[in-house]
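These are the residues of each chain, in order.
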Amino acid sequence: MGEAATVILPKQSVFLSKVMDMLPEGGHLSMCLTCGLCASGCPASGLHDMDPRKFLRLCALGQDEMVLSSPWVWMCTMCQRCVYACPMAIDIPRLIYEARAAWPREDRPKGILGSCDQALKNESNSAMGARSEDFVFVAGDILEEVKEAQPAWEDMQVSFNRPGAEYFLNQNSREPVTEPDEMVPLWKILHTVGCDWTYGTIGWAAENYCMFLADDAAWETIVRNKVKAVEDLGCRYWLNTE
Amino acid sequence: MYAVRAGLQKFKITPKFEIESIIRLYARWIREGRLKVSSDWNRELGVTFTVQDPCQLVRKTYGDPVAEDLRFVVKSVVGEEHFIEMYPNKSNNYCCGGGGGYLQSGYTEERRAYGDRKLRQIVETGADYCIAPCHNCHSQIHDLSEHSGKHFPVVHLWTLICLSMGCLGENERSYLGEDLASVGL
C-alpha cells in the first residue's frame, strides 16, 4: 500500500531561490531526477515522515512553510551521503543548513545553542565550557601520575603554547573534562615517534557546535580564533585527533 | 576538523598552516617504522574488529585514501584476519548519527532510530569490537551499543595502538572489554 496522496498547490519557492543564488551552479538544486537514491541511503529517511527527496521536492514545489518549520532539519546530520549517491550531485545538506539558519536563533535546539554559546564565551572555544587553566592543570596532573606509575615514560612532555612547534594539537574537551586518562595513549604515541607538538591555551577545543547551529557569524568567530591561535605560535600544522 | 576546513572555505580565510589528521600520521609513522605496532598480541586471542569511517574525515574531507590509511592502521594493529568490513563503507559509509549536533539536539529517540541502521551494520559483521576514530561517532555508537543491550565495546584507535605496542597503562582501558582488560599489563 502506498501513502495517501497529499494535494499541494505548487508555488515558487523563495527559500530555494535564495539558496540557489548562494551556490556555484545553484548547488544543482533544480536538477533532481526524483530517482530516490538519496532517500534510500539516508538513515534519517522516515523520521517525522520526511526524507531528502521529499524535502527537496517540497522546496521545488514552493512549500516553504512546511520546509522551514520541519524539525527534520535537526535530524539530518548533513553527512553528505545523499550528495555522494546522487547522480546529479545535488547539494541537499546545504539546503538543510540554510533551513536550519532560517529558524529564529532562540527556537533552535537548546543543547546545540547552549554548546555554541559556551564556545563563544570561552577563549578555549570549548562547547562544554572547559577553561584553559583547567585544561593545563588536568594535563599536568595526569602527566605526573603517568610518570610516577609508569617510569618508562619519565621523559614524556606535554607543552602549552610552545612557539614554533611543528604541530598544534587540538583536543576534544570531552577528554580533559570527563576522561583525562584517554589523552595518555595519544601522548605516548606522539612521544614514541618524536613528534614536535604543542597544545595551546587559545582555541584548543576541537568541537564546533556553532556550525551545527547554522550560526554563520558565531562559526566564523570560532574559526578565526582558532586560526589566530595556530598562526600566533607559528605552527606548521593544525593537527586534529580524528 | 570539518568545521575549520569548511569554515576557512566559507569565510575565505587563507591560513598560514596546513590542516592534518592524526589518522594519516598514524599510517605514515607505521610505514616509516617509527611506530612499532604489531598484531602479535591478537594471534592467539583472535578478537575481531570492525571500523567506522567518520563522515567528516572520509566522505567530507580526504575521501577513500584516508579510509585506506585507517584500514592500514587497524590491520597493522589487530591483524588483517581479525578485521571485518561493514558494507557499504569508506566514502559510501552510513553516518552513525553522532554528527550534525544530534548528540546535543535533544532529539534522543530520533537519534537512536537514525543510528539503528548503523547498529545493524555493525552487529551483522559479527565483530567483537567497533573502532570509532571520531569523538561524535564514539559517543553515538557507544550509546547505540549500550542502549540496544548489545554491549559490544567501542574503542578509540589510540587505545589499540598503545595496546599493540604493549604500553597501554592500567587507567587507559575504560573502553576495552573484559577480554582485553589485562592484555599487555
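None of the values given here were measured: they were computed from a predicted structure.

Caption draft 1: Structural context of the sheet that holds strand β1 (residues 18-21) of chain B. Read across the sheet, four strands follow the order β2(A)-β1(A)-β3(A)-β1(B) without closing on themselves; strand pairing throughout is parallel. Since the sheet does not close on itself, it has two edges, and those belong to β2 (197-198) of chain A together with β1 of chain B, each with one partner. Bridge analysis of strand β3 (residues 237-240) of chain A against β1 of chain B gives four bridges, and the strand direction is parallel. Bridge assignment links Trp238 of chain A to a residue of β1 of chain B, and that residue is Ile19 of chain B. Against the sheet, helix α2 (residues 22-31) of chain B touches β1 (167-169) and β3 of chain A together with β1 of chain B, its axis set at about 70° to β1 of chain B.

Caption draft 2: Structural context of the domain arrangement of chain A. All names here are of chain A. Splitting chain A by domain gives domain 1 (14-103) and domain 2 (110-239). Its C-alpha centre places domain 1 at a distance of 34 Å from the equivalent point of domain 2. Listed as interface residues are four residues of domain 1 and, on the opposing side, eight residues of domain 2. Buried surface at the junction of domain 1 and domain 2, both sides included, amounts to about 460 Å², of which 60% is carbon and sulfur. For domain 1, the biggest contributors to the area lost against domain 2 are Trp74, Tyr97 and Arg100; these three give 79% of the whole. The interface formed by domain 1 and domain 2 includes zero salt bridges. Between the two partners, domain 1 and domain 2, sit two residue pairs in polar contact (both at pLDDT 80 or more). Its residues placed into classes, the side of domain 1 that touches domain 2 shows three nonpolar, no polar and one charged.

Caption draft 3: How the structure looks around the packing of α2 of chain B against helix α4 (residues 64-78) of chain B. All names here are of chain B. Interaxial distance between α2 and α4 falls to 9 Å at its minimum, and their mutual angle equals 55°. Judged on the interaxial angle alone, α4 and α2 are oblique. Every pair of crossing elements has a handedness; the one defined by α2 and α4 is left-handed. Judged by residue contacts, Ile23, Arg24, Tyr26, Ala27, Ile30 and Arg31 of α2 engage Val66, Asp69, Leu70, Phe72, Val73 and Ser76 from α4. Among the residues making up the contact of α2 with α4, the classes are represented as eight nonpolar, one polar and three charged.

Basis of the calculations
- Residues numbered from 1 in each chain as written.
- Chains lettered and ligands numbered in written order.
- Predicted model: local features only at pLDDT ≥ 70, side-chain atom pairs only at ≥ 80, totals over all residues.
- Heavy atoms only, no water.
- Pairing = 2+ DSSP bridges.
- Helix = DSSP H or I, 4+ residues; strand = E, 2+ residues; numbered from the N terminus.
- Contact = heavy atoms within 4.5 Å.
- Axes fitted to C-alpha atoms, helices over the stretch in contact; angles between N-to-C directions.
- Domains from an automatic or database assignment.
- Buried area = accessible area lost by both parts, 1.4 Å probe.
- Salt bridge = Lys/Arg side-chain N within 4 Å of Asp/Glu carboxyl O.
- Polar contact = N/O pair within 3.5 Å; in protein donor to acceptor, adjacent residues only side chain to side chain.
- Nonpolar A, V, L, I, M, F, W, Y, C, P; charged D, E, K, R; others polar.
- Parallel < 35°, antiparallel > 145°, perpendicular 65-115°, else oblique.
- Left-handed = near helix turned anticlockwise from the far one by under 90°.

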